[in-house]
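Residue-level structure breakdown
Now for the letters of each chain:
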Amino acid sequence: MTILANILIIFFIVVGLVFIVVTAIGLFRLPDLYTRTHAASKSATLGVMCILIGVFLHFWLIEDHFNPAILLGVLFLFITGPVGGHIMSRSSYIAGVKPWSGTVRDDLKPEIERMKKEQGIK
Amino acid sequence: MTYFIWGSIVIVTLSLIALFYRLVKGPHPSDRVVALDAIGVALICLVGLFSILVETSFYLEIILLLAILSFIGTIAFSKFIEKGDIITRDNSR
């Protein structure tokens, strides 16, 4: 039973570590603020969720201590991680950070111009 | 199991060094804020792995605290970068 629990815990922690390393490589290598935000928000959230589920299973199965604070932390990170990345990228677009020169498509630009025109009329 | 947890802690610390590189170098302040958010996430992982290593659950309250502080910091910095002001009184947007 302990070996089975250890296999489950090691599986979750290894998946989380892979995603954390992918986050670090993405923040290190990608050329642009928006691609870096994309790397940091999604894969970091998934990695920390997997590692915290591994910690929760360790305390539940090995040490018989059911700790709901970890599940609450997983839920909070699942809600707030992508929201933080999105609001950061939107505010830096409004502040005028240029996208990378290889960007194919920019969907936010006509929306921002329309909003500026409405506010100028009002 | 102990060697596995030590190896995981070393890997998370190495990725934390890459995030610190982005925090120091980042050309725009937004890059630094994104790196700070990712550093908070990596610190949460480190706290969880460390509490497995020392076999106590007293450190697990730090996880919620770090998550909340990191989120509030990201929101405050994004408001500051967007408008140059954190608390505004107009209702235009």
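Worth saying up front: this structure is predicted, and the values here are computed from it rather than measured.

What follows concerns the overall build of chain A. The helix and strand inventory of chain A stands at 4 helices and 0 strands. Reading the secondary structure of chain A in the N-to-C direction produces α-α-α-α. Going through the 122 residues of chain A one by one, you find that 36% of them count as buried. Partitioning the intrachain contacts of chain A with sequence separation of at least 6 by distance along the chain shows that 66% fall at a separation of at least 24.

Turning our eyes to something else, we now look at the environment of Tyr21 of chain B. Residue and element names in this part refer to chain B. In this structure, Tyr21 sits in helix α1 (residues 2–25). Since 14 C-beta atoms lie within 10 Å of it, Tyr21 is described here as partly exposed. Along the chain, Tyr21 and Arg32 lie 11 residues apart, while their C-alpha atoms are 9.8 Å from each other.

Helix length check: helix α3 (residues 61–83) of chain B, at 23 residues, gives a terminal C-alpha distance of 34 Å against a target of 33 Å (1.5 Å per residue), a fit within 8%. For α3 of chain B, every residue scored as buried is listed here: Ile63, Ala67, Ser70, Thr74, Phe77 and Ser78 of chain B. Buried residues in α3 of chain B make contact with α3 (68–95) of chain A together with α2 (29–53) of chain B. Positioned one or two residues after α3 of chain B, Gly84 of chain B has a phi angle of 75°, which is positive.

Counting residues in each nonpolar core, the largest one holds 41 residues, and the members touching the most others are Val48 and Leu52 of chain A together with Ala38 and Cys45 of chain B. Where this core is concerned, the elements lending two or more residues are α1 (2–29), α2 (33–62) and α3 of chain A together with α1, α2 and α3 of chain B. If you tally residues by element for this core, the top one is α2 of chain A, at 13 residues.

With phi around 55°, Asp64 of chain A is a residue other than glycine that occupies positive phi space. With respect to the secondary-structure elements, Asp64 of chain A resides in the loop between α2 and α3. Within the chain, Glu55 of chain B stands out as a residue other than glycine whose phi angle is a positive 55°. On the neighbour-count criterion, Glu55 of chain B (10 C-beta atoms within 10 Å) is exposed.

It is worth spelling out the interface of chain A and chain B at this point. Between chain A and chain B, the residue contacts involve 41 residues of the former and 39 residues of the latter. If you list the elements that add at least two residues to the side of chain A that touches chain B, you get α1, α2 and α3 of chain A. Sort the elements by how many residues they give to the side of chain A that touches chain B and α3 of chain A lands first, with 14 residues. Residue composition of the side of chain A that touches chain B, grouped by class: 26 nonpolar, 13 polar and 2 charged.

Next up on the list: the UniProt feature "transmembrane region" (unreviewed entry) in chain B. Here the UniProt feature "transmembrane region" (unreviewed entry) sits at residues 6–24, 33–52 and 58–77 of chain B. With 85% helix and 0% strand, residues 58–77 of chain B has end C-alpha atoms that lie 31 Å from one another.

With 98% of its residues at a pLDDT of at least 70, chain A reaches an overall mean of 88. Highest mean pLDDT in chain A belongs to α1 of chain A (92); lowest belongs to helix α4 (residues 108–121) of chain A (80).

This part takes up the packing of α3 of chain A against α3 of chain B. Packing of α3 of chain A against α3 of chain B leaves a shortest axis separation of 9 Å and a crossing angle of 15°. As the angle between them shows, α3 of chain A and α3 of chain B are arranged roughly parallel. In this structure, α3 of chain A crosses over α3 of chain B, and the sense of that crossing is left-handed. Of the residues that constitute the contact of α3 of chain A with α3 of chain B, the class distribution is 15 nonpolar, 7 polar and 2 charged.

It is worth spelling out the packing of α3 of chain A against α2 of chain B at this point. Contact pair α3 of chain A / α2 of chain B: the axes reach a minimum separation of 10 Å and the direction vectors enclose 175°. Taken together, the axis directions place α3 of chain A and α2 of chain B in an arrangement best described as roughly antiparallel. Residues Gly84, Met88 and Ser92 of chain A of α3 of chain A touch α2 of chain B, and the partners they reach there are Ser30, Val33, Val34 and Asp37 of chain B. A class-by-class count of the residues in the contact of α3 of chain A with α2 of chain B yields 3 nonpolar, 3 polar and 1 charged.

Reading guide: rules and limits
Residues numbered from 1 in each chain as written. Chains lettered and ligands numbered in written order. Predicted model: local features only at pLDDT ≥ 70, side-chain atom pairs only at ≥ 80, totals over all residues. Helix = DSSP H or I, 4+ residues; strand = E, 2+ residues; numbered from the N terminus. Buried ≥ 20, exposed ≤ 12 C-beta atoms within 10 Å, placed from the backbone. Contact = placed C-beta atoms within 7 Å. Expected span 1.5 Å × (residues − 1). Core = buried A, V, L, I, M, F, W, Y, C linked by C-beta atoms within 7 Å. Nonpolar A, V, L, I, M, F, W, Y, C, P; charged D, E, K, R; others polar. UniProt positions renumbered as here; feature names shortened; annotations may be inferred. pLDDT = per-residue confidence, 0-100. Axes fitted to C-alpha atoms, helices over the stretch in contact; angles between N-to-C directions. Parallel < 35°, antiparallel > 145°, perpendicular 65-115°, else oblique. Left-handed = near helix turned anticlockwise from the far one by under 90°.

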